[in-house]
Amino acid sequence: MVELKTDTAIDAMYETGQVVGRGLTAVRAAADVGVSLRELDEVAHEVLRAAGATSPFLGYRPSFAPTPFPAVLCLSVNDAIVHGIPDDYRLRGDLVSADFGAELGGWAGDSAMSFVVGEPRPADVRLVETAERALAAGIAAAVVGNRIGDIAHAIGEVCRTAGYGIPDGFGGHGIGRRMHEDPPVPNEGRPGRGMPLRHGLVLAIEPMLIGSGKDGYHEAPDGWTLRTNDGSRAAHAEHTVAITESGPRILTARQEAHTSRA
Ligand code: MG
Ligand code: MG
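Summarised in this report is the structure supplied together with it. (Residues numbered from 1 in each chain as written. Chains lettered and ligands numbered in written order. Predicted model: local features only at pLDDT ≥ 70, side-chain atom pairs only at ≥ 80, totals over all residues. Heavy atoms only, no water.)

On to the overall build of the chain. Each helix and strand counted, the chain has four helices and 13 strands in total. For a compact globule of 262 residues, the expected C-alpha radius of gyration is about 18 Å, and the chain comes in at 17 Å, within 12% of that figure. Along the three orthogonal principal directions, the C-alpha set of the chain runs to about 45 × 40 × 40 Å. Going through the 262 residues of the chain one by one, you find that 52% of them count as buried. (Helix = DSSP H or I, 4+ residues; strand = E, 2+ residues; numbered from the N terminus. Rg over C-alpha atoms; globule rule 2.2 N^0.38 Å. Buried < 20%, exposed > 50% of the residue type's maximum accessible area, 1.4 Å probe, protein only.)

Listed below in structure tokens is the structure:
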């Protein structure tokens with residue numbers, strides 16, 4: 001069932017979304033060569049504590065998962081696409097996808113970004129930039145009068161035109177009181193198809209790209225991490241977006257980090 005949110009609820013979801021944005025900004029600022037994934041999870045956890053927010057990730061156990069998720073942050077490194085578990089791995093020259101969520105005042109927020117740590121490889125930079133461009137195209141299509149298929153098509157076009165693969169079966173979703181609500185928002189599809197977009201629909205839009213151009217992926221032995229089949233690197237970008245009569249409103253928009261890092 002799809003729940004349309006009131007304007008008051010969307011304002012409340014924006015407050016949650018800002019906590020998510022702050023967490024990702026803090027994680028990005030802290031990510032450096034020699035820093036462990038577990039330390040980045042602690043950075044994100046501290047942002048939740050400071051805001052009085054809780055984590056929809058910690059203890060989350062969907063039907064496919066063998067164990068509850070043990071962290072507040074998903075960190076998917078290099079050939080990991082999504083759902084990576086923060087561990088003691090220390091970053092070096094890596095492509096990191098960070099996916100973070102919060103719950104505050106009864107509302108959830110969900111957002112992700114990819115970035116390069118260490119000496120950037122041009123192929124990684126292009127992949128990350130294309131993920132952001134695919135997300136922007138999906139958001140631009142999230143307008144009243146369009147349909148879910150228009151978002152999916154916009155995302156898929158950017159990814160495929162750039163020569164990247166798309167892992168079928170994972171994508172965006174409705175979001176509200178719970179992190180995952182209806183409707184699903186695929187990362188590839190036909191324009192003009194699917195549910196009409198209406199004022200008050202709130203979606204997490206989240207392209208996932210595979211660098212080799214192939215679509216194959218598999219679940220790692222931990223039962224959570226999705227990895228590319230050919231070992232090529234992947235990128236992920238996500239925002240929680242409210243569809244309104246005055247256009248898409250990005251609830252997890254990030255403020256610029258006040259740090260010296262590029
Ligand atoms: Mg997410
Ligand atoms: Mg999501």
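The subject of this paragraph is the packing of helix α1 (residues 7-30) against helix α2 (residues 37-51). Packing of α1 against α2 leaves a shortest axis separation of 9 Å and a crossing angle of 150°. At the point where α1 passes α2, the crossing takes the right-handed sense. Seen from α1, the contacting residues are V19, R22, G23, A26, V27 and A30; seen from α2, they are L40, V43, A44, V47, L48 and A51. For the contact of α1 with α2, the per-class residue count stands at ten nonpolar, one polar and one charged. (Axes fitted to C-alpha atoms, helices over the stretch in contact; angles between N-to-C directions. Left-handed = near helix turned anticlockwise from the far one by under 90°. Contact = heavy atoms within 4.5 Å. Nonpolar A, V, L, I, M, F, W, Y, C, P; charged D, E, K, R; others polar.)

Inspection of the entire model under this criterion finds three aromatic pairs. With centroids separated by 5.0 Å and ring planes inclined at 75°, the aromatic side chains of F69 and W224 adopt a geometry described as edge-to-face. One end of the pair, F69, is in the loop between α2 and β1 (73-77); the other, W224, is in the loop between β9 (217-219) and β10 (226-228), with 155 residues separating them in the sequence. Here the two residues F69 and W224 agree in accessibility, since each one is buried. Between F170 and Y217, the aromatic rings sit 5.8 Å apart at their centres with planes inclined by 75°, giving edge-to-face as the arrangement. Taken together, the residues F170 in the loop between α4 (148-161) and β5 (172-174) and Y217 in strand β9 connect sequence positions 47 residues apart. Note on F170: relative accessible area 24%, which makes it partly exposed. By the ring-pair criterion, three or more aromatic residues cluster together here, those being F64, F69 and W224. R177 extends its terminal NZ or CZ atom over the ring of W107, reaching a point 4.0 Å from the ring centre. (Phe/Tyr/Trp six-rings, centres within 6.5 Å; stacked < 30°, edge-to-face > 60°. Lys NZ or Arg CZ within 6 Å of the ring centre and 35° of its normal.)

Let us look at the coordination of the magnesium ion (ligand 2). Around the magnesium ion (ligand 2), the donor atoms from the protein are D110 (OD), H173 (NE2), E206 (OE) and E238 (OE), and they sit 2.1 to 2.2 Å away. Counting along the primary sequence, the residues that act as donors to the magnesium ion (ligand 2) give the motif D-x62-H-x32-E-x31-E. A separation of 3.2 Å is found between the magnesium ion (ligand 2) and the magnesium ion (ligand 1), both of which receive a donor from D110. Note that D110 is positioned in strand β4 (residues 107-117) and E206 in the loop between β7 (202-205) and β8 (208-210), a separation of 96 residues in sequence. The same class applies to D110 as to E206, namely buried. (Donors = N, O, S within 2.8 Å, 3.2 Å for Na, K, Ca; no water.)

The magnesium ion (ligand 1) binds to the protein through D99 (OD), D99 (OD), D110 (OD) and E238 (OE); the donor distances cover 2.1 to 2.5 Å. One chain supplies every donor to the magnesium ion (ligand 1), and in sequence these donors are spaced D-x10-D-x127-E.

The strand order across the open sheet built from five strands is β6-β5-β7-β12-β13, with neighbouring strands paired in antiparallel fashion. The outermost strands of the open sheet, each flanked by one partner alone, are β6 (181-185) and β13 (247-250). Between one strand axis and the next, the sheet turns through 30° on average, direction left out of account. For β5 and β6, the ladder comprises three bridges, and the chain directions are antiparallel. If you follow H173 over to β6, its bridge partner there is P184. (Pairing = 2+ DSSP bridges.)

So, about the pattern of salt bridges. Taken as a whole and judged by the stated rule, the model has eleven salt bridges. R49 is the partner of E42 in a salt bridge, and the nearest nitrogen-oxygen pair spans 3.0 Å. When its relative accessible area of 38% is taken as the criterion, E42 is described as partly exposed. In this structure, the salt-bridge partner of R121 is D124, at a minimum N-O distance of 3.4 Å. R121 sits in the partly exposed class, given a relative accessible area of 44%. Residue D124 is classed as buried on the basis of its relative accessible area of 2%. (Salt bridge = Lys/Arg side-chain N within 4 Å of Asp/Glu carboxyl O.)

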